[in-house]
Amino acid sequence: MHIDNFATGDSLLHRLDPRVKIVVAILFSVVVAVADRYGCLATAVCLALTLLFLARLSLREVFLRLLVVNAFIVFLWLFLPFTYGGEKLFSIGPLDATREGIIYALLITVKSNTIVLALIALLATSPVVTLGHALSHLYVPDKLIHLLFFTVRYLQVLHLEYDRLRDAMRIRAFKPGTNVHTYKSFAYLLGMLLIKSFDRADRIRKAMLCRGFHGKYYLLSHFELQRVDMIMLVIMMLLVSGMASLQWIILK
Amino acid sequence: MDNSEVIIRFKGISFAYHDNQSHRPVLDDLNLQISRGERVGLIGANGSGKTTLFHLLMGLLRPTAGAIEVFGEERQKEKDFREVREKIGLLFQDSDDQLFCPTVAEDVAFGPLNLGKSQEEALAITREVLERLGLEGFEDRLTYKLSGGEKRLISLATVLAMKPEVLILDEPSTGLDEDTVERLIEILRSSDLTYLIASHNSDFLSKTTDIVYRLSQSKLVRATKHH
């Protein structure tokens, strides 16, 4: 399981108040997502790299995560250059690639990588549980927070259950291949996981009822803004606003 | 203990699980009586209905026939069982079902908060219970990263934090190492609670209970008496 494996560390970003990090991460992502001027995006890339440097994470692990993101982006490169209208650059058989299409695909690639880098540096450096508590103190509805908590809590359990079932298959010499037997076995595995989660959800509900649950949850963690949090918040907000102004004010 | 106050009384309880195709009777005209201070063991084959019996007592299932009396009152509706759940603590077979909060402190405080305690009171109770079980310093640990034995003891703490008058333990020693089992026995023996334990481990039962019933063929019979 990969939950929380960037969360241990003692960098400036690890120690920063998670509320500050969430606010900055949201603003940064929104600005990058809507920006299309090169000056603004170049600044965003620099900012994301600086944050990554400040978080002092293993670059190898970060790179592996970026691979996952870019696996999706490969599909964009397969379609966008050939379907977007504009000036023709080259053609493969009957398909024409346009200059605009390539620029568009490039923009999306840069934007998503920049946002993911910033999110890794800002958010992955706090344990999910802490982020949940921070979100609750930022007035995100309780129901969403508890969905997050239940997901984190039981992802682990489900993953273990999956591993157990997988091992049970393996010790009976199951070798996945491209055949009906494999598809059927995996379908059984998935179905079994679904049924087991359903049963578990029912048992958890019962356990909660036994402890007097009547529809209300309580959170115990609280945060206190330190001086360094305030200073970092101001600096990062200034940088993000500067970046935004490159998109919307200068050169108009 | 014949003259002491009876706090749990099952009168002619029957229960069956209904599936689309099958009708599987589990309990049939079962009678049980537990007095304050009694320490009762329950043995029986897998699927003989021990867990069902506990879930009936907590109002998680409803009997098809018979009456359940707890603390001198007959309990029928969900509302009647709310009070039962405040005074009777049930330790589930699988601790992963019981621990659902991210941190240990939140999980232990969940019950007391539901009972209307303030955050400070709930935290004080949490610290006190963890200390009593020798689990100091576990407050900020993440529940999903605990070992199996730790999970079981923390689950027990979440139940004890509600200051129950009766404790119901469903297979508490299953899957634990010897040391943890010894710790559990110590905790139970030193408590003055009324409790009811289902277990396959007769050694565990003989060390923790005064009387053992066997559940077999939908009926309850007295198996042993140690003292």
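Structure shown above.
Before going into details, it helps to say that this report is about the structure given with it. What you see is a predicted model; the values in this text were computed from it and never measured. (Residues numbered from 1 in each chain as written. Chains lettered and ligands numbered in written order. Predicted model: local features only at pLDDT ≥ 70, side-chain atom pairs only at ≥ 80, totals over all residues. Heavy atoms only, no water.)

1. Describing empty space enclosed by the protein
(1) Moving on: This structure, assessed with the given rule, holds two cavities of 30 Å³ or more.
(2) Moving on: In this model, the largest cavity occupies a volume close to 80 Å³.
(3) Moving on: Along the walls of the largest cavity sit A:His146, A:Phe149, A:Phe150, A:Tyr217, A:Tyr218, A:Leu219, B:Phe100, B:Cys101, B:Pro102, B:Glu106 and B:Phe110, which together make up its complete lining.
(4) Moving on: Contributions of two or more residues to the lining of the largest cavity are made by helix 7 (142–170) of chain A together with helix 4 (104–114) of chain B.
(5) Moving on: In terms of residue count, helix 7 of chain A provides more of the lining of the largest cavity than any other element does, three residues in total.
(6) Moving on: Here the lining of the largest cavity is built from residues that sort into nine nonpolar, one polar and one charged. (1 Å grid on protein atoms, 1.4 Å probe; cavity = no way out; pocket = protein on both sides within 12 Å on 5 of 7 lines; lining within 4 Å. Points joined across faces, edges and corners; volume = space filled by probe spheres on them. Helix = DSSP H or I, 4+ residues; strand = E, 2+ residues; numbered from the N terminus. Nonpolar A, V, L, I, M, F, W, Y, C, P; charged D, E, K, R; others polar.)

2. Digging into the pairing of strand 3 (residues 39–44) of chain B
All names here are of chain B.
(1) Moving on: The element strand 3 is extensively covered by neighbouring structure, given that six of its six residues are classed as buried.
(2) Moving on: Side chains Arg-39, Gly-41 and Ile-43 project from strand 3 onto one buried face, and the interleaved Val-40, Leu-42 and Gly-44 project onto a second face that is buried too.
(3) Moving on: Note that strand 3 and strand 8 (residues 194–198) share four bridges and pair parallel. Bridge assignment links Val-40 to a residue of strand 8, and that residue is Leu-196.
(4) Moving on: Where strand 3 and strand 9 (residues 211–216) come together, five bridges link them in parallel fashion. Residue pairing across strands places Val-40 opposite Ile-211, the latter belonging to strand 9. (Buried < 20%, exposed > 50% of the residue type's maximum accessible area, 1.4 Å probe, protein only. Pairing = 2+ DSSP bridges.)

3. A look at the interface of chain A and chain B
(1) Moving on: Taken together, the 29 residues of chain A in the interface contact 33 residues of chain B.
(2) Moving on: Counting the surface lost from both chain A and chain B, the interface buries some 2,800 Å², and carbon and sulfur atoms represent 61% of this.
(3) Moving on: It is A:Arg153, A:Arg211 and A:Leu220 in chain A that bury the most area against chain B; as a group they hold 32% of the surface buried on that side.
(4) Moving on: There are five salt bridges connecting chain A and chain B. (Contact = heavy atoms within 4.5 Å. Buried area = accessible area lost by both parts, 1.4 Å probe. Salt bridge = Lys/Arg side-chain N within 4 Å of Asp/Glu carboxyl O.)

4. Topic: helix 3 (residues 38–55) of chain A
All names here are of chain A.
(1) Moving on: The end-to-end C-alpha distance of helix 3 is 26 Å, a good match for the 26 Å that 18 residues give at a rise of 1.5 Å each.
(2) Moving on: Looking only at helix 3, the buried set comprises Cys-40, Leu-41, Ala-44, Leu-47, Ala-48, Leu-51, Leu-52 and Ala-55. An end-on view of helix 3 places all buried positions within 135 degrees of arc, on one side of the element. Away from its buried face, by an angle of more than 90 degrees, helix 3 presents the exposed residues Tyr-38 and Phe-53.
(3) Moving on: Tucked into the core, helix 3 has its buried residues touching helix 1 (12–15), helix 2 (18–34), helix 4 (59–83), helix 5 (99–122) and helix 9 (227–248).
(4) Moving on: Among the residues trailing helix 3, Arg-56 stands out with phi positive, at a value near 45 degrees. (Expected span 1.5 Å × (residues − 1). Arc of directions from axis to C-beta.)

5. Regarding the layout of surface pockets
(1) Moving on: Its volume calculated, the largest pocket comes out at about 700 Å³.
(2) Moving on: Lining the largest pocket are 28 residues, with A:Arg203, B:Thr51, B:His55, B:Gln93 and B:Asp170 positioned closest to its centre.
(3) Moving on: When contributions to the lining of the largest pocket are tallied by element, the ones reaching two or more residues are helix 8 (180–210) of chain A together with strand 2 (23–35) and helix 1 (50–57) of chain B.
(4) Moving on: Broken down by element, the lining of the largest pocket gets its largest block of residues, five residues, from helix 8 of chain A.
(5) Moving on: In terms of residue class, the lining of the largest pocket is made up of seven nonpolar, 10 polar and 11 charged.

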